[in-house]
Amino acid sequence: MKPTIEHVPSPLAPGDYFMMGDESSAEGAIAAGCNFFAGYPITPASELMVRIVHRLKDTNGTFIQMEDEIGSISAMIGASWAGARAMSATSGPGLSLMMEGIGYAAMTETPLVVVDIQRAGPSTGQATRPGSGDVFQVRFGSHSDYETIALSPWSVQEAFDFTIDAFNLSEAYRVPTFVLADESVGHLREKVTVPEKIERWFRPTAKGMPPFDTEDEDGVPPMPLFGQGEELLVTGSTHDALGFRKTQDSGVHRRLVGRLVGKIRRAAERIARHETYHVDDAEVLIVAYGFSARAALEAVSELRQTGVGAGLFRPITLWPFPETALKEASAGVKHIVVPEMNWGQVVREVERILHRDVTPITQVDGEGMRPETILDGIQNLRGMKL
Amino acid sequence: MSRRLYDHLRLNVFPTPYCTGCGHGILLGAVVRAMDEATIDWDKTLFVSGIGCAAWIPSPHFKADTLHTTHGRPIAFATGAKLANPELNVVVASGDGDLVAIGGNHLIHAARRNLKITVICANNNLYGMTGGQMAPTTPLGARTQTSPWGAEEAPFDLCSLVRGAGGRFVARHTVFQIHQLIKTLSKALTADGFAFVEVLSPCPTHFGKLNKVPTLGDFREQMKSVYIDRRRWDKMTPEERCDKVPTGVWCTDNIPLRSAGGNKMGGAE
C-alpha cells in the first residue's frame, strides 16, 4: 500500500545554518517527525545523540539512553510498533551489536532509521577517524536474506536531507533504512539550508487487514499499531499473513522471504538515486560516494584541467544501487575507478553490475580521502599519462 | 477457568505445545486470571516475550497485542513500546535463560530504570526448548545436558538480583502456590513501577528426567519442601535456610520512576 504524504512547516525555522553533519542529521530527524530516539554513546556519532536529546524535549518526543546498542535497536522496534518514528545513531562497533535487531526489523517489516557515522575499523579501530567500511554491513550484516535501504550523504546539507528521506523510505517500504555517513561528513561543519516545508511519508496503518502479506503489487502491507485492539501477533519467526508462526511450512517461508526481498528489489529503480558530473565525454569514470566523492570531484576538475576526460558518478543510494544509471554513465568510458576509504567494497558492486574490469583505489589510513590518492590511482592505470 | 476468560485466548491454537507436566500451562492460566482480577484492558495490553518455551505463553495464545522478539531482548523491546505509548500495559513473559542469561543486562537496567512494566520470568532452571542445557538458574549440582555431572556454577538468586538492581516490586512463587501466584501477578500488573515476578515452573521432560523428579507430582513435593513462604523463612536460622528458597513479595518504596512518554525528566530548562 502507498504511504500517506503530508507537508508540514519545518520545526526548525527556515534559513541558513552553520552546523556539523551529526547535528544536521539530528535536525533532519526532527524535521522528518522523529519522536523516539534510543541510543548508546559512541564516537563519532555521539554529537547527533546529544543534539537530539534537546530537540526531542522541544518537540515532546522521547529520548532514552539504553544499556547497549542491542537495547537501542530493540527499543526502537518496540516503539515503532507502538506508532513512533524511531531512530538511533551509531558507528561500526555499535552497528555490529544492532545486527540482530536489524534482521528482526526486516523480518517484521518495522520502519526505523539508523544513522551510521562510519569510523576506521575493523573492531574498535580508530574511533575518531573516518572510514567507509560499513557498506556491506548495512546490507548483509544480519544473517540470511533481506533487503535494506542506505543513503550516502557527502555534505552537511545531505545529512539533513537524507535523514528525512530515510524516514520516508523506511515508512513507505516498512524496512530498516540507513543514513551511511562517514566521520568526515559527520564532523564536517558547513552551511545547511532548512526549507519552509518538509515532506513526511507515513506508513499505511489500515486496521483489520493482514499486517504481513498483501496482494498489492508493491508488496507492502499496512501496519496497524499496538493498542488499537488489533490483537497483533508480531514475531521474528516465519509467520503467515496474520502473524501466526509457521516454522515448518515451506510455502509460507518462501512467500514471506520472497516478499521481503521482492518489495525492495522491484522498487529498486524508483528508490535508487545518483548524481553525475561530466560523464558525457568521460574516458575515465570515477565512481565515488560519501566524503570520497568530494575528493573525486576535485580530482575530476584537476584532470579536466590537464586535458583528461574525467567524470564522476556518485551513487546516493548505495542500497539499492543505481544500477541502470551506472550502466548508462559507464557506457563508452575507457577506465572506471572506485576510490573508497576501505579495502574495496562498492568496487565489488560496480564489478557485479558492469561485468568488466574496475580499478579500486583504496585509502585506509584513517584520513579523509585525498584528491591526490585518486590522481595517483588514475596515473597508474594502463595507458594513462597525466 | 471461567468460560468468560476463554474470550482472551486464541482457542484455535490450543492445545498448548507444552510437554506433559510442564508448569507453563499453569502459569498461562494464572496470567489470564490475574489480568481479570486486576481488571486490565486486554485491548490496551502488549505482551512481549523472547525466545524459549515460556515465550510461547503469550504468543500466540493470548488475544492481545503480542511481540515475540529476539532471544533475550523482550525487556528492551517492551521499554521502547511503553515509552512510545505510555497508555499500553506492557507485560513481559519469558524464561530464565532469555531474561537472565542472554538478556540479563536488559533486566537489571530495566529494574534500575524503573519504567512501569511487568516482567514475569518463568524459571524452569534450564533451557527447555533446545533440549535441556544448563542455565544461570540451574541449581548447584543439578544435571543438565551441558552439566551432565552436576552444575559447578552457583545460580543467580533472581529476586535478590532484581532487588539489588533497584526493582520496585519483586516476587517469587512456584506454580503450585497458585492462589498466591495469581494474587501476586495481579498486584504486579498494577504496581506503580517496574515489577518482576519469578515463577518456578517444573520441567519434567528435561530437568526431571536427569534429576530424579520425573513427574509433576514429584516436582510438587520437591518444590514444596524447597520454596517456602518468606514469613517462615524470615524466622529461620542460617542453617535451616541453607537448602531453602523464600517465596513472596518484596516491595521497595521511594524508587524514582522513569516517566513514559516525552522527555519530562529534568524539569525546567
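This is a predicted model, so every value here is computed, not measured.

Cut-offs used in this document
Residues numbered from 1 in each chain as written. Chains lettered and ligands numbered in written order. Predicted model: local features only at pLDDT ≥ 70, side-chain atom pairs only at ≥ 80, totals over all residues. Helix = DSSP H or I, 4+ residues; strand = E, 2+ residues; numbered from the N terminus. Rg over C-alpha atoms; globule rule 2.2 N^0.38 Å. Contact = placed C-beta atoms within 7 Å. Pairing = 2+ DSSP bridges. Buried ≥ 20, exposed ≤ 12 C-beta atoms within 10 Å, placed from the backbone. Axes fitted to C-alpha atoms, helices over the stretch in contact; angles between N-to-C directions. Domains from an automatic or database assignment. Nonpolar A, V, L, I, M, F, W, Y, C, P; charged D, E, K, R; others polar. Parallel < 35°, antiparallel > 145°, perpendicular 65-115°, else oblique. Left-handed = near helix turned anticlockwise from the far one by under 90°.

1. Here's the deal with the overall build of chain A
- Within chain A, the secondary structure is distributed over 13 helices and 18 strands.
- Relative to its length of 386 residues, chain A is compact, with a C-alpha radius of gyration of 21 Å against a globular reference of 21 Å.
- Across chain A, contacts joining residues at least 24 apart in sequence account for 74% of those joining residues at least 6 apart.

2. A few points about the interface of chain B and chain A
- Each side of the interface is counted separately: chain B has 31 residues, and chain A has 39 residues.
- Counting only elements with at least two residues in the side of chain B that touches chain A, the list comes to strand E2 (65–68), helix H2 (74–84) and helix H4 (104–113) of chain B.
- At 8 residues, the largest contribution of residues to the side of chain B that touches chain A is made by H2(B).
- Taken together, the 3 bridges between strand E12 (residues 233–235) of chain A and E2(B) define a ladder with parallel strand orientation. Bridge assignment links Thr235(A) to a residue of E2(B), and that residue is His68(B).

3. Notes on the environment of Asp376(A)
Residues and elements named next belong to chain A.
- Take Asp376: it is sitting in helix H13 (residues 371–379).
- The exposure class assigned to Asp376 is partly exposed, which follows from the 14 C-beta atoms found within 10 Å.
- Between the C-alpha atom of Asp376 and that of Glu283, which follows or precedes it by 93 residues, the distance is 16 Å.

4. Some details on the sheet that holds strand E17 (residues 335–340) of chain A
Residues and elements named next belong to chain A.
- With respect to topology, 5 strands assemble into an open sheet ordered E13-E15-E14-E17-E18, the strand pairing being mixed. At either end of the open sheet lies a strand with only one pairing partner, and these are strand E13 (274–277) and strand E18 (359–362). Taking the axes of each pair of neighbouring strands and ignoring which way they run, one obtains an average angle of 20° across the sheet.
- Relative to E17, strand E14 (residues 284–287) runs parallel, the two sharing 3 bridges. Its bridge partner being in E17, Leu285 is matched across the sheet by Ile336.
- Where H13 meets the sheet, it contacts E14, E17 and E18, and its direction lies at approximately 145° from that of E17.

5. Concerning the domain arrangement of chain A
Residue and element names in this part refer to chain A.
- Domain assignment breaks chain A into domain 1 (4–202) and domain 2 (273–379).
- Distance between the C-alpha centres of domain 1 and domain 2: 26 Å.
- Between domain 1 and domain 2, the residue contacts involve 22 residues of the former and 19 residues of the latter.
- Elements with a contribution of two residues or more to the side of domain 1 that touches domain 2: strand E7 (126–130), helix H5 (137–140), strand E8 (149–151), strand E9 (176–182) and helix H7 (183–186).
- The class makeup of the residues in the side of domain 1 that touches domain 2 is 12 nonpolar, 7 polar and 3 charged.

6. Some remarks on the packing of helix H3 (residues 69–81) of chain A against helix H4 (residues 92–108) of chain A
All names here are of chain A.
- With their axes 7 Å apart at the nearest point, H3 and H4 run at an angle of 30° to one another. On the basis of the axis angle, H3 is roughly parallel to H4. When the axes of H3 and H4 are compared, the crossing they make is right-handed. Contact with H3, carried on its side by Glu69, Ile70, Ser72, Ile73, Ser74 and Ile77, involves Gly94, Leu97, Met98, Glu100, Gly101, Ile102, Tyr104 and Ala105 of H4 and no other residues of that element.
- Residues that form the contact of H3 with H4 fall into these classes: 8 nonpolar, 4 polar and 2 charged.

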